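Each chain, letter by letter, is given below.
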Amino acid sequence: MTVPLPPEDPDRAPFHLPGTDSVQAHEAVMRVVEAYNARLAAARSSPGRDAADVVAGWREARDRAVDDGDLLATAGAEETARIAMEYASRLRELQED
């Protein structure tokens, strides 16, 4: 289920600032990479706690995130927006786990 964004409060800074999509996308991607790195570090410090295929999935997802972060350097507006939305959603999912 998708939760709608709350209305913007005129007394606060806007949620979106024009021209900042690539910055926001990069920050979302880096936070996802950091979340996977933390999971991988925890798995290394407690071997056997997580299934090998789960750890491998985290590693693959982290590597894809790094690749998408690199892609932002040359991505157009649509691709940047897609990456920003995808990683904001993924970060939310990772924080809920």
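Use the structure listed above.
Please read all numbers here as calculations on a predicted model, not as lab measurements.

### Let's talk about the nonpolar core
Grouped together as the largest cluster of nonpolar side chains are 19 residues, with contacts concentrated most on Val29, Val32, Tyr36, Trp58, Ala65, Ile83 and Tyr87. Only α1 (21–45), α2 (52–71) and α3 (77–96) provide two or more residues apiece to this core. In terms of residue count, the dominant contributor to this core is α1 (nine residues).

### Structural notes on the pattern of salt bridges
Opposite charge on two side chains allows them to pair when their charged atoms are near. The final tally for this structure, using the stated rule, is six salt bridges. Arg39 is the salt-bridge partner of Asp97, the closest N and O atoms lying 3.5 Å from each other. On the criterion of sequence distance, the pair formed by Asp97 in the segment after α3 and Arg39 in helix α1 is long-range, its members being 58 residues apart. The class of Asp97 is exposed, set by a relative accessible area of 71%. Residue classification places Arg39 among the buried positions, given a relative accessible area of 19%. We note a salt bridge from Arg49 to Asp50, for which the minimum N-O separation is 3.4 Å. The exposure class of Arg49 is exposed, given its relative accessible area of 52%. Residue class for Asp50 comes out partly exposed when judged on its relative accessible area of 23%. Within the structure, one salt-bridge network assembled from shared partners comprises Glu79, Arg82, Glu86 and Arg90.

### Quick word on α2
Taking 1.5 Å per residue, 20 residues should reach 28 Å; α2 reaches 29 Å between its end C-alpha atoms and fits that length. Within α2, burial applies to Val55, Trp58, Ala61, Arg62, Ala65, Asp68 and Gly69. Angularly, the buried residues of α2 cover 140 degrees about the axis, an arc narrow enough to put them on a single face. Turned more than 90 degrees away from the buried face of α2, the exposed residues are Ala52, Asp53 and Asp70. Here the buried face of α2 lies against α1 and α3.

Reading the values: the criteria
Residues numbered from 1 in each chain as written. Predicted model: local features only at pLDDT ≥ 70, side-chain atom pairs only at ≥ 80, totals over all residues. Heavy atoms only, no water. Core = buried A, V, L, I, M, F, W, Y, C linked by side-chain atoms within 4.5 Å. Buried < 20%, exposed > 50% of the residue type's maximum accessible area, 1.4 Å probe, protein only. Helix = DSSP H or I, 4+ residues; strand = E, 2+ residues; numbered from the N terminus. Salt bridge = Lys/Arg side-chain N within 4 Å of Asp/Glu carboxyl O. Expected span 1.5 Å × (residues − 1). Arc of directions from axis to C-beta. Contact = heavy atoms within 4.5 Å.

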